[in-house]
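Architecture at a glance
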Amino acid sequence: AAAEAFQRARDAEEARSLLEKEMAERRRAERAAEASEQRFRLAADAARASVYEIAVAERQIVSVYNLGRLLGGGQPETPLPLEWWLERIHPGDRAGFLRKFEHCVEHENWYTHKYRMKYCQGHYILVEDTGKVVRAADGRALQLIGGLVDVTDRERAQQALRESEQRFRVALENSAITVWMQDQDLRYLWAFNPPADFPLAALLGKTDLEIMPPEAGVPLHEAKREVLATGEVKHVEVSVPTPACMRTWDVTLEPSRDPEGRIVGLIGAGIDVTERRERELALRRTSEALRRSNEDLQQFAYVASHDLQEPLRTLQGCTQLLERKLAGRLDRDTEELFGFVLSAAQRMRTLINDLLAYSRFDASYAAPAARVEMTGAVQVALANLQDAIRTAGAEVEYGALPAVEGDFVRIAQLLQNLIGNALKYRRAGEPPRIRIRAEPRPEGWVFAVEDNGIGISREHLNYVFGAFRRLHGKDVPGTGIGLAICKRIVEGHGGRIWVESEPGKGSSFFFTLPGTGLPARAGVK
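This section reports on the structure supplied with the text.

**Points about unusual backbone geometry**
Put simply, threonine 78 and proline 79 share a cis peptide bond, and its omega is 5°. Residue position: proline 79 is located in the loop between α2 (67-71) and β3 (80-81). With phi around 50°, arginine 59 is a residue other than glycine that occupies positive phi space. Tracing the backbone through its elements, the reader meets arginine 59 in the loop between β1 (49-55) and β2 (60-65). Accessibility expressed as a relative area gives 29% for arginine 59, which makes it partly exposed.

**Notes on the nonpolar core**
By size, the foremost hydrophobic cluster in this structure holds 43 residues, and its most contacted members are Met374, Phe447 and Phe511. By residue number, the principal contributor to this core is helix α13 (residues 408-424), which donates eight residues. Core analysis: the next-biggest nonpolar cluster, separate from the first, contains 27 residues, Leu67, Phe101, Val105 and Tyr111 among them.

**Quick word on the pairing of strand β8 (residues 188-192)**
By the bridge criterion, four bridges tie strand β7 (residues 177-183) to β8 in an arrangement that is antiparallel. The partner of methionine 181 across the bridge, within β8, is tryptophan 190. A loop of four residues connects β7 with β8, the two strands running antiparallel in sequence, and leucine 186 in this loop sits at a positive phi of about 65°.

**Concerning the sheet that holds strand β10 (residues 246-257)**
Strand order in the open sheet formed by five strands is β8-β7-β11-β10-β9, and the pairing between neighbours is antiparallel. Where the open sheet ends on each side, the last strands, each with one partner, are β8 and β9 (234-241). Sheet twist, expressed as the average angle between the axes of neighbouring strands with direction ignored, equals 25°. Across eight bridges, the pairing between β9 and β10 is antiparallel.

**Digging into the packing of helix α11 (residues 374-384) against α13**
Two elements in contact, α11 and α13, have axes separated by 8 Å at closest approach and are oriented at 55°. As the angle between them shows, α11 and α13 are arranged oblique. Crossing of α11 against α13: the hand is right-handed. Taken together, the residues of α13 that come into contact with α11 (itself represented by Met374, Gly376, Ala377, Val378, Val380, Ala381, Leu382 and Asn384) are Phe408, Ile411, Ala412, Leu415, Gln416 and Ile419. Grouping the constituent residues of the contact of α11 with α13 by class yields eleven nonpolar, three polar and no charged.

Definitions and limits used
Residues numbered from 1 in each chain as written. Predicted model: local features only at pLDDT ≥ 70, side-chain atom pairs only at ≥ 80, totals over all residues. Heavy atoms only, no water. Helix = DSSP H or I, 4+ residues; strand = E, 2+ residues; numbered from the N terminus. Buried < 20%, exposed > 50% of the residue type's maximum accessible area, 1.4 Å probe, protein only. Core = buried A, V, L, I, M, F, W, Y, C linked by side-chain atoms within 4.5 Å. Pairing = 2+ DSSP bridges. Axes fitted to C-alpha atoms, helices over the stretch in contact; angles between N-to-C directions. Parallel < 35°, antiparallel > 145°, perpendicular 65-115°, else oblique. Left-handed = near helix turned anticlockwise from the far one by under 90°. Contact = heavy atoms within 4.5 Å. Nonpolar A, V, L, I, M, F, W, Y, C, P; charged D, E, K, R; others polar.

See below:
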């Protein structure tokens, strides 16, 4: 009996010891599980992911973590039917989700799927669903364990990148630009839109020294080596001989870098500018020829005007001496003939002087950018015309005028010519009324010189600014130079001039000038 009691006590002690060990192992396992779950939750939080477990046979969501953070709102209580999940998927994506679910259960062990889920505020976000199918020993699907990540911003960025790449490709395909990449040894890796004389097959794996003659290849190769050495962008222009002709290329070179910023090669872009350079050269030659022609023309006009003055003075002087010498002995017809000769000589003198003045206005003249007070320019013009204004009984009104940029002397002459034109072409029996005003425009100021004169017919409006264009014959004094000079002055200031008029209703001459200031005070003379 004693032996049996001792054995029972011994067995109980062993059983207790085994139980304590089992409980200790269970506690260690529980702590490890808690630590693993904590790490899992930290990883899910860091990845901003929602993790779920779906029981396939029951079609239930057994557990879900972080879904409230992903979709907003609170964390749902589990278990949940699969239909609860479907209700939060966009109606257009539900059928695709179910097809993917059934396919994974039957055929796959891993799956990835994208679909839209409803956010708490009513809009939809795009999620990427990635997970694993857990199967039994016989291959039956038991669980789907996966995670959801919001990829809305990533997808938008990728879509924007795809659209940008597409626009870039379309732009390149419809342009004459060639783009290429070379490695550190300056061998071509790829090229887009290569020129016909250098097809892609002839470029790949080779350097410029191998595909171009030395006079073109060496300078271009050295420029590229400099870009690799300095890491700076470089622009060069290179002439490349082809079977047809010499072609000129405008090339931009830029270093290519890896993610760490190290230079691993070179990216280049070039465009054939041969025709452009030829046009520029032809334009320079034409401009130079035109400049020489203008100089010759001005010199000719000056010499011709100067040389014509001498015989004209002789003609006038001799005619006047002859008239005085024969005074009292001439009949009326002869005296009238002498008058015709002297009048014609005076008109010739005026014409020569105007021709000389017009020749001094170079068509390529560009006005200096100095501040000009238009009120002061008007006052100078009126002072120069005061006798004509007084004789005609004219009234000249000028409103508030701004400051402009230009040449004061020539702007004053412009105004003097326009005011003088209004005095000259006035209506008989009616004193001239002349008004000068200005209005702001985006390009500066537009000025108007308006009169109540005889006006201009519509068919002549386009001809009044031509040199020696006179519309009223000898009835009105003048040579037809004044408005031509006005046109050159305005165009030399970067503006334009035009006229609006009707016969018998006066004329309005408009011109534009670049402005710098606000209007000054008004005045009446």
